[in-house]
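The lines below spell out each chain.
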Amino acid sequence: MTRVSPWLVALALLVAAVGCADDDAAEAAPPEVTGAETPEPAAPDVAAVYATIGDPGPDGDTLVGASTDVAERVELHESVIDDDGSARMVELEDGIDVAAGEGVVLERGGLHVMLMGLETELAEGDRYELTLEFERGGEVTVDVDVVPTVGGDDGGGGHDGQDEAHGDDDG
Ligand SMILES: [Cu+2]
């Protein structure tokens, strides 16, 4: 009768687990980030960053953090409207989900990256570097353009482009 040492069994399981983890991480790369911009900050201390994060691949990914030289710290936020109609921002401590096959858009009134404790004055036309950290894909550094502030506190921001179609007039 052969007796298998429990230590050997444990070791075999450990090796198998590590092997699987290695396979999973092998092909990871950060998703493409485009159109990163910051509206010229209205407050002296904080600024928002909007951008489009592309398809992270079939496994999806999560934006878990960000950093930059121009601010003390960076948070991930979502703007929400309370029941009483007032707008506020909540910090997303679990990160921002980047959907498999889709990506995610960070935009005014929704998901965004928030610079807290600005150490450099940001004015229209400036450009700074922001490093985004993804759970699977790792880090990617993008250039962020400082753009004019659009609109005020009205929460609006729709597009006004109207196209009138002309039909054919047969006499
Ligand atoms: Cu915010």
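Residues numbered from 1 in each chain as written. Predicted model: local features only at pLDDT ≥ 70, side-chain atom pairs only at ≥ 80, totals over all residues.

Caption draft 1: Summary view of the overall build of the protein. If you tally the helices and strands in the protein, you get one helix and ten strands. Reading the helices (α) and strands (β) of the protein from amino to carboxyl end gives α-β-β-β-β-β-β-β-β-β-β. Scored against the burial criterion, the 171 residues of the protein give a buried share of 20%. Pairs at least 24 residues apart make up 69% of the contacts formed inside the protein by residues separated by at least 6 positions. (Helix = DSSP H or I, 4+ residues; strand = E, 2+ residues; numbered from the N terminus. Buried ≥ 20, exposed ≤ 12 C-beta atoms within 10 Å, placed from the backbone. Contact = placed C-beta atoms within 7 Å.)

Caption draft 2: Structural view of the pairing of strand E5 (residues 87-91). Little of E5 sits inside the fold, with zero of its five residues counted as buried. Bridge analysis of strand E4 (residues 71-81) against E5 gives five bridges, and the strand direction is antiparallel. Across the sheet, residue Ile81 finds its bridge partner in E5, namely Ala87. Linking two consecutive strands that pair antiparallel, namely E4 and E5, is a turn of five residues; a positive phi of about 90° is found at Gly85 within it. (Pairing = 2+ DSSP bridges.)

Caption draft 3: View of the nonpolar core. Core analysis: the largest hydrophobic core is formed by 24 residues, its most contacted members being Val49, Ala51, Leu63 and Leu130. Breaking this core down by element, the ones donating at least two residues are strand E1 (33-39), strand E2 (46-53), strand E3 (61-68), E4, strand E6 (96-98), strand E7 (104-106), strand E8 (111-118) and strand E9 (127-134). In contact with Val49, not counting residues within four places along its chain, are Ala36, Thr38, Leu106, His112, Val113, Leu115, Leu130 and Val144. (Core = buried A, V, L, I, M, F, W, Y, C linked by C-beta atoms within 7 Å.)

Caption draft 4: Broad picture of the environment of Leu76. Locating Leu76 in the fold gives a position in strand E4. Residue classification places Leu76 among the buried residues on the basis of 22 C-beta atoms within 10 Å. Sequence separation of Leu76 and His112 is 36 residues, and the distance between their C-alpha atoms is 6.2 Å. Setting aside its immediate chain neighbours within four residues, Leu76 contacts Leu63, Glu91, Leu92, Gly95, Ile96 and Val113.

Caption draft 5: Quick peek at the confidence of the model for the protein. For the protein, per-residue confidence averages 83 on the pLDDT scale, and residues scoring 70 or more make up 72% of the total. Counted against residues more than four places away or in other chains, residues 152-171, with its pLDDT under 50, gives six contacts. (pLDDT = per-residue confidence, 0-100.)

Caption draft 6: Region of interest: the pairing of E4. Two elements, E4 and E8, share seven bridges in a ladder whose sense is antiparallel. Residue Ala71 lies in a different strand from E8, and its bridge partner there is Leu118.

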